[in-house]
Amino acid sequence: MSEHPTNLRETVRRRYAAAALQITEGGAACCGPQSTDADADADANEIFGPHLYTAHERGTLPAEAVTASLGCGNPTAVADLHEGERVLDLGSGGGIDVLLSARRVGPTGKAYGLDMTDEMLALARANQRKAGATNVEFLKGTMEAIPLPAHTIDVVISNCVINLSTDKPAVFAETFRVLIPGGRIGISDVIADDELTTTQRAERGDHAGCIAGALSFTEYRHSLEAAGFTDIHITPTHPIANGIHSAQIHATKPNP
């Protein structure tokens with residue numbers, strides 16, 4: 001990609017800030033492929049957003065939290081959360097996954113949401129108040145420099161956000177750092193077939209549209225291994241574009 005990483009981050013920030021403001025004003029927003037590839041023109045409502053949550057999950061949350069779901073999966077289901085655990089959601093947006101996580105871990109647990117966009121953080125905190133969630137904290141920051149101490153999180157989740165990072169090795173290293181030994185990740189992300197070049201991925205959708213920044217299956221596994229993760233499982237769930245998939249990723253930080 002020819003665009004400077006700082007410019008790409010600002011492009012992503014502006015896109016999600018606009019989405020948050022639109023939702024706050026009563027509209028809807030979508031993260032999805034913007035492409036001329038006919039195979040990439042599937043209904044975005046079927047592959048991104050609230051459709052990927054159960055009716056029960058949607059019904060227990062503020063409408064704005066549901067509308068603000070822009071992800072490609074349901075990481076709270078992927079992560080298999082337990083009572084008393086501390087959970088961190090990278091790129092928490094309007095807060096749907098944080099609020100669902102908070103209910104799963106209960107009053108003895110805690111759910112953190114991390115986002116770099118002021119408008120999304122304001123929306124998420126408003127949703128937290130509407131939901132009456134007291135075991136939730138939203139933090140401003142980037143996933144390349146997580147503002148939490150080492151060894152403080154049991155589970156890291158994320159929903160179609162890591163692929164947007166321009167420094168994915170830093171994201172995986174920071175995720176590994178904040179996890180306790182034996183901690184795990186359970187995330188949804190966009191992943192490309194190994195055969196697709198970077199150029200071909202970019203042709204299928206822009207960076208802020210969740211596709212151009214996607215790693216391949218092999219690259220994703222190698223990146224997690226380089227950060228120190230073991231027991232890595234990457235499972236595609238549904239197609240997003242030709243050669244591009246939503247996938248569930250599980251991995252563990254080993255005990256010393």
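Residues numbered from 1 in each chain as written. Predicted model: local features only at pLDDT ≥ 70, side-chain atom pairs only at ≥ 80, totals over all residues. Heavy atoms only, no water.

A. Focus on the overall build of the chain. Looking only at helices and strands, one finds 10 helices and eight strands in the chain. Put simply, the chain has 256 residues, and 54% of those count as buried. Summarising the internal contacts of the chain: among those between residues at least 6 apart in sequence, 72% fall at separations of at least 24. Accessible surface, the chain as shown: approximately 10500 Å² in total, 52% of it carbon and sulfur. (Helix = DSSP H or I, 4+ residues; strand = E, 2+ residues; numbered from the N terminus. Buried < 20%, exposed > 50% of the residue type's maximum accessible area, 1.4 Å probe, protein only. Contact = heavy atoms within 4.5 Å. Areas by Shrake-Rupley, 256 points an atom, 1.4 Å probe, with all protein chains shown as cover.)

B. A look at empty space enclosed by the protein. With the rule as written, the count across this model stands at two cavities of 30 Å³ or more. When its volume is computed, the second largest cavity comes out at roughly 30 Å³. Lining the second largest cavity are Leu90, Val156, Ile162, Phe172, Thr175, Ile185 and Ile187. Listing elements by their share of the lining of the second largest cavity, those giving two or more residues are helix H8 (168-178) and strand S5 (179-192). (1 Å grid on protein atoms, 1.4 Å probe; cavity = no way out; pocket = protein on both sides within 12 Å on 5 of 7 lines; lining within 4 Å. Points joined across faces, edges and corners; volume = space filled by probe spheres on them.)

C. Spatial organisation of the pairing of strand S1 (residues 86-90). Burial runs high along S1: four of the five residues are buried. Of the pairings in the sheet, the one linking S1 to strand S2 (residues 110-115) comprises five bridges and is parallel in character. Across the sheet, the residue bridging to leucine 88 is tyrosine 112, located in S2. Following the chain from S1 across helix H6 (residues 96-105) to the adjacent parallel S2, one finds a crossover that is right-handed. In this structure, S1 lies alongside strand S4 (residues 153-158), joined through four bridges in parallel fashion. (Pairing = 2+ DSSP bridges. Right-handed = clockwise from strand over helix to strand, strands pointing away.)

D. Structural context of the packing of aromatic side chains. In total, this model carries two aromatic pairs according to the counting rule given. Ring centres 5.4 Å apart and planes at 65° place the aromatic pair phenylalanine 172 and tyrosine 220 in the edge-to-face group. A residue pair is termed long-range when its members are at least 10 positions apart, and phenylalanine 172 in helix H8 and tyrosine 220 in helix H10 (residues 217-227) qualify at 48 residues. Take phenylalanine 172 and tyrosine 220: they sit in the same class, and that class is buried. The positively charged end of lysine 253 is found above the aromatic ring belonging to phenylalanine 176, 4.8 Å away from the centroid. (Phe/Tyr/Trp six-rings, centres within 6.5 Å; stacked < 30°, edge-to-face > 60°. Lys NZ or Arg CZ within 6 Å of the ring centre and 35° of its normal.)

E. Quick peek at unusual backbone geometry. Despite not being glycine, aspartate 80 shows a phi value in the positive range, around 55°. The topology assignment puts aspartate 80 in the loop between helix H5 (75-79) and S1. Its identity as a non-glycine residue notwithstanding, aspartate 231 has a phi of 55°, on the positive side. Locating aspartate 231 in the fold gives a position in strand S7 (residues 230-241).

F. Structural view of the nonpolar core. Of all hydrophobic cores here, the largest spans 30 residues; its most connected members are Leu88, Leu90, Ile185, Tyr220, Leu224 and Ile249. Excluding residues that lie within four positions of it along the chain, isoleucine 185 makes contacts with Val156, Thr175, Leu179, Leu224, Phe229, Ile249, His250 and Ala251. Ranked by size, the runner-up nonpolar core spans nine residues in total, among them Ala102, Leu121, Ala133 and Val136. (Core = buried A, V, L, I, M, F, W, Y, C linked by side-chain atoms within 4.5 Å.)

G. Spatial organisation of the packing of H8 against H10. Interaxial distance between H8 and H10 falls to 9 Å at its minimum, and their mutual angle equals 45°. Classified by the angle between their axes, H8 and H10 sit oblique to one another. Crossing handedness for the pair H8 and H10: right-handed. Of the residues in H10, those touching H8 at Phe172, Ala173 and Phe176 are Tyr220, Ser223, Leu224 and Ala227. Taken together, the residues that form the contact of H8 with H10 break down as six nonpolar, one polar and no charged. (Axes fitted to C-alpha atoms, helices over the stretch in contact; angles between N-to-C directions. Parallel < 35°, antiparallel > 145°, perpendicular 65-115°, else oblique. Left-handed = near helix turned anticlockwise from the far one by under 90°. Nonpolar A, V, L, I, M, F, W, Y, C, P; charged D, E, K, R; others polar.)

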